[in-house]
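Inside the fold
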Amino acid sequence: MTSPDDDRSVTTLRDPEIRPVAVLDMGATAIRILVAELPPGEPPRILEEASRAVLLGKDAFTSGRLGASTIEATLRALEGFRRIMDSYGVVRYRAVATSAVREAINRDTFLDRVRLRAGIDVEVIDGSEENRLSYLAVREALREHEAMTEGDALLVEVGGGSADLSYLRRGEPVYSGTYALGAVRMRQNLAAFHGSHEQRTRLFHRTVRNIVEDIRREFPLREARHFLATGGDARFAADQIAGDDAKHPARSIQRDRFLSFCEATVALDDEQLVEAYRLPLSEVETLVPALIVYRELLLETQAATVLVPEATLRTGLLLDMVRTDAGQGIEDFSRQVLASAEALGERFRYDANHARHVARLAVGLFDDLRSEHGLAARDRLRLEVAALLHDIGIFVNLRGHHKHAQYILSVSEIFGLSRDDMGVISNVARYHRRAAPNKSHLPYMALDSDARVQVNKLAAILRVANALDADHLQKVREVKVLRENEQWVLEVDGGGDLTLERLAALARADLLTEVFGRKVGFREAGARS
Amino acid sequence: MKKAKRRGPREPELFLNRELSWLEFNARVLEEACDPTNPPLERLKFACIVASNLDEFFMVRVAALKNDLAEGDTAPDLAGLTPAQQLQLISERAHPMVDQLYEALTGEILPRLAERGLKLVRPGDLEPPARAALSRYFRDEVLPALTPLAIDTSRPFPMLASLSLNLAVLLGPADGEDDPRLAVVQVPGRLSRLVRPPGVEGMLHVLLEDVIWADLASLFPGQEIRDVAAFRIARDSELDFDDEGGLDFLQVIEEELKNRRRSGIVRLEVEDGISPPLLELLVSRLELGAEDVYRIRGPVDVRPLMSLVELPLLEDLRDPPLKPQQAIEAADLFALLDEKDVVLHHPYESFDPVVAFVSSAAEDPDVLAIKQTLYRTSGDSPVVRSLARAAENGKQVTVLVELLARFDEQSNIRWSRRLEESGCHVIYGIRGYKTHSKILLVVRRGRQGIRRYVHLGTGNYNEKTARIYSDFGLMTSDREIGEDASAFFNALTGYSDPPRMRKLVMAPTQLRERVLRLIAREKDRAEAGQPAEISAKMNSLVDEEIIRALYDAAKAGAKIRLAVRGICCLRPGLKGTSDGVEVVSVVDRFLEHSRIFHFRNGGDEEVYLSSADWMPRNLDRRIELLFPVEAPEGRQKVLQALDAIFQDNVKARRLQPDGSYKRRRPAKGEEAYRSQLELHREAKRALDRLRAGSGITLEPIRSPVE
């Protein structure tokens, strides 16, 4: 029986509403949530923030697995977050976990329990995705700031498990990397150390300096004119030095003031920190190692100020949602991704002209064959990156350079690209010459079957594109695929003698024929008419 | 970075002792009881409050000092007094206070009431039929509840409940012995203390102990009754002193005490007519000192007389009622709050909008969630009913309950269960902290997205006390306050660690430092030669750090006005330290309860309201909130109320450098200004303005097509 005012048979549709969304992240020291509205064309409106200190990193970085009590604390925190989400009627959310969960052996059962108890699906993201999301947030916070428009900038986020670095040139990330400089990890590494605070601090310094040595080889740190610091400990330092003005999108601190704050704070042991800053013990524990990392990296640069943008992984996640709402995917990051890929190429002294030319021809073929290959925009970007970097193995040795490229790419980081992306890209680069994919090739077989098919298709295209610049002189201006009687004819527009290109292209079309079942012919553009 | 805690010279001369200051406050209430210009029933009410306050004071504060003494603690307080010295001074002040209370009561108040027929009589004063009826009542109802206890030296003294009324009976020696014997008859607490005999004209009442006394012989057949005297003991309550001002706290204490009959006795009250041998026996058996004995010249325990005040009779012996005014008249409260903030001043203005706020939130289909703190609320309140209703309507309801009495007390179980069964998420307090903040959050979905509506108050969500306590409430849809409110509840519910907040300031995490910073800012401005001024209103000012900060500001030249209703440990008028500080206290018909803080801030004035007094307890051991009043209209209203207190020259008393209070009087040519009446008049005028304004409604036509 229903009473008249209990009538559920009619649904009244209202004007489209702005429905709140939520983003959650599970870091090494805390789990945090942000509930927000994303009004179209406006910056996200934050409705609510909450965080719970849960020391996932302490478990993950020592024993490699999350312990029962940590899991229970996490579940309880997430149940609370679930209630917060429910209180806003949140349906859409993105929950991510970073290094601590990523590295835990029992992460799958852990995430399953999270799903069952809190009803939250958590996605484990890798360092480069973290970098991309942080970059999004930083770009939003700094907007037209000089650091994003002129010169080089080093963006540093010291997290619990790792320090994520991005090197920006005029606001575009060109290098990025994840280093074992996480504050919780560093502390855990010294957990068994029972020396004085000074001794422990000295060990931190030594660890950090060793790794900074390595970073210096990868990043032109000396050229950085701007130093951007994100992460909870950086924000804390900014609160203390510049005042707690959260409304400001970025706080600017004089280099000297930042350095002297670091030095003064690093000198304090945990008890003194608790007393001095009225922080809970769990929060002060990361402060000393994190500040050492910021300090050592700052000293490597020529930056006169430290910029602390109000940018977190969560705001990055929100902005990413906004982008998705606007129909943008990773490919809209292609500029940044390609800039980062080229920077990697430069490090391995690639032939930039050849690389860019091959990349252009490859994506041209990719676009031409869209209806045949059925691949997505993300694969186009992967092809472009693979094309740019297919020759970097020559840096190691010309002989077998396709294999060297495969190896280098499989361990490199390119801004915005995930480990999955790099798995495909490294294999595509490998198959730009010589043997076709084969079941005996372990890196290839390590991919899942979808990825292997992608590799086959993309490598088939890359081999032809590369052949079309066989003598590295960029003679071919354009290539089109003409479908003629069961055959694909490459109509090539170029200057000079294209004999070498023709021979090479016909030879390297082997994989294209195998994958798509079409014979391949070659014709120069003027020849037909 | 926080400075190391200040350990300057102790300077006891800068501080007043808090216990003596509290006694001064009670003396001001007593002054109202003695004031012949007050109607007799109002005077009786004040007399009951004085007695009830004293009970609480002895069971909490005196008990704590006695414990200190027993543990050999000789550490002096802020004012440099050791526990022993404090107990001595308390005794010196409390004895005459009790005498004065009973002088007023038996010498003036009760005779005045008797003139109008409202009388306390003894059974012997009645006609035989009425006397017979009392004897029947005794036999049928009272006697079965009585257990006379024979006290002898071989047995421990019976565990008499704190504050319970008893009769001490001195019996003649047993056969073959020389010494008279002591017996105790407990006056049953379950029966009402006032008995109205049947068939008697007028409003005659007999006290229950007199009913028993009249037939006492039947309890001790064949024995010689040499003397009878009513007496009452007060024990250590082992509880924290609560300054919510009501009588209800005693219920909590009494509830607690049922389990704690053993705790130490801190005071004995006996009828003054008691014979020396009986008193001597009693005192020696209770192991008390002479200073702990209070001889009562009238009925022991006058609190039950409060029920006479509430009798719906003799209207002219009471103050004419000051009816709370409707401050807002809005069909859609949420729409109103979208437009502007609302500041309510209770009890001048009605509490109804707050009740309506919760009930309309409960029914509004767009409301997603309601969160509220309930401090000492009775279960049968409209607010609680609305919360349950909201949960039944599918809204997410979170209630943080600070129970009135013990958790397992039956009535509390009933209503908190009801909340839970209706689907509310109920949290029974925060371990280690009392949740004293008063906040209500409504999350609502609108066309433009989520909006949050918040009510913040200085008083409890209790529509009964909202009629007698002066309190402020702020209703707002301010975005930042809304975010802070959410963050606050997340912290309380354990969904989040204590957050950073934008506009709200929370104790125990930030409140103390914020207040110190605000005071220091005025000091800095004064030092820079700017006019600097702090006006603050609260119930108690005890915190050393804050008092010292106020001295520093005063020394720098800031003008400081304090309206402290109760305890004030700050000593005003000290040359070179606090000569710029004025402290007043208003004790009148409504209990002053709001906390208002105003800082001049170089002209960019800031006005705050708070649930917290400036006491270590509020700042360090409770969850409290301080919130800004930003809308000019609301700010003006709050400041007007604050100024009214300082303008009062009828019910205001000014604190003197020696800790005493001097009543303000209208100066020559000055008009009498009684702030509470003025504020009520102002609320009426505001309502008239509102009504006049709303007489004409302009309704815009939004679309010609419609």
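Values in this document were obtained by computation on a predicted structure and should not be read as measured data.

Re the overall build of chain B
Each helix and strand counted, chain B has 18 helices and 27 strands in total. The C-alpha radius of gyration computed for chain B amounts to 28 Å, which stays within 12% of the reference 27 Å derived for 706 residues, consistent with globular compactness. Counting only C-alpha atoms and orienting by the principal axes, one finds that chain B spans roughly 100 × 65 × 55 Å. The contacts in chain B between residues at least 6 apart in sequence include a share of 73% that link residues at least 24 apart.

Re the domain arrangement of chain B
As assigned here, chain B comprises domain 1 (12–317), domain 2 (333–503) and domain 3 (507–693). Spacing between the C-alpha centres of domain 1 of chain B and domain 2 of chain B amounts to 39 Å.

What about the domain arrangement of chain A?
Residues and elements named next belong to chain A. When its domains are assigned, chain A resolves into domain 1 (21–125), domain 2 (128–320) and domain 3 (332–527). Taking only C-alpha atoms, the centre of domain 2 and the centre of domain 3 are 38 Å apart. On the side of domain 3, 11 residues touch domain 2, which itself brings 12 residues to the contact. Counting residues per element, the ones that place at least two in the side of domain 2 that touches domain 3 are helix H5 (127–142) and strand E8 (172–179).

As for the packing of helix H1 (residues 18–34) of chain B against helix H3 (residues 83–115) of chain B
All names here are of chain B. As a packed pair, H1 and H3 sit with axes 11 Å apart at the nearest point and diverge in direction by 5°. What the angle tells us is that H1 and H3 run roughly parallel. Counting all contacts with H1, which are made through Glu19, Leu20, Leu23, Asn26, Ala27, Leu30, Ala33 and Cys34, the residues of H3 involved are Gln86, Leu89, Ile90, Arg93, Ala94, Met97, Gln100, Leu101 and Ala104. Residues belonging to the contact of H1 with H3 are distributed by class as follows: 12 nonpolar, three polar and two charged.

Section: the confidence of the model for chain B
Residue and element names in this part refer to chain B. Looking at chain B as a whole, its pLDDT mean stands at 88, while 91% of the residues score no less than 70. The lowest-confidence element of chain B is helix H6 (residues 248–257), averaging 50 in pLDDT; the highest-confidence one is strand E23 (residues 595–599), averaging 98. Across residues 1–9, where pLDDT falls below 50, the model places five contacts with residues more than four positions away in sequence or in other chains. Counting interchain partners and residues more than four positions distant, the pLDDT-below-50 stretch residues 257–261 has eight contacts. As a predicted assembly, this complex carries a pTM of 0.82 together with an ipTM value of 0.73.

Remarks on unusual backbone geometry
Residues histidine 346 of chain B and proline 347 of chain B are joined by a peptide bond in cis, for which omega reads -5°. Secondary-structure assignment places proline 347 of chain B in the loop between strand E10 (342–346) and helix H10 (352–363). We note that arginine 349 of chain A has phi near 50°; this positive angle belongs to a residue other than glycine. Within the fold, arginine 349 of chain A resides in the loop between helix H15 (334–347) and helix H16 (352–368). A count of 11 C-beta atoms within 10 Å places arginine 349 of chain A in the exposed class.

Considerations on the pairing of strand E7 (residues 225–235) of chain B
All names here are of chain B. Within E7, eight of the 11 residues are buried, leaving the element largely enclosed by the surrounding structure. Relative to E7, strand E3 (residues 165–171) is paired through seven bridges, and the arrangement is antiparallel. Pairing of leucine 170 across the sheet is with aspartate 227, part of E7. Of the strand pairs in this sheet, E7 and strand E8 (residues 265–271) are connected by five bridges, and their pairing is antiparallel. Residue pairing across strands places alanine 234 opposite arginine 267, the latter belonging to E8.

Calculation criteria
- For every chain, the first residue of the written sequence is number 1, and numbering continues from 1 along that sequence.
- In the order they appear in the text, chains get letters beginning with A and ligands get numbers beginning with 1.
- Restriction of local features to residues with pLDDT of at least 70 applies here, the model being predicted, together with a cutoff of 80 or more for giving and counting side-chain atom pairs; totals for whole chains, interfaces and linings are based on all residues.
- Strands here are runs of E lasting at least two residues and helices are runs of H or I lasting at least four, both read from the DSSP assignment and numbered beginning at the N terminus.
- Only C-alpha atoms enter the radius of gyration; for comparison, a globular chain is expected to reach 2.2 Å times N to the power 0.38, where N is the number of residues.
- What counts as a contact is two residues whose backbone-derived C-beta atoms lie within 7 Å of each other.
- For the domains described, the bounds stem from an automatic or database domain assignment.
- Only the contacting stretch of a helix is used when fitting its axis, a line to C-alpha atoms as for every element, and angles between N-to-C directions run 0 to 180 degrees.
- Note that the term roughly parallel is reserved for angles under 35 degrees, roughly antiparallel for angles over 145, roughly perpendicular for angles of 65 to 115, and oblique for everything else.
- Under the scheme applied here, ten amino acids are nonpolar (Ala, Val, Leu, Ile, Met, Phe, Trp, Tyr, Cys and Pro), four are charged (Asp, Glu, Lys and Arg), and all others, including Gly, are polar.
- A residue's pLDDT is the predictor's confidence in that residue, given on a scale from 0 to 100.
- Backbone-placed C-beta atoms define the burial measure: a residue is buried with 20 or more other C-beta atoms within 10 Å of its own, exposed with 12 or fewer, and partly exposed in between.
- Two strands pair under a simple rule: DSSP has to find at least two bridges between them.

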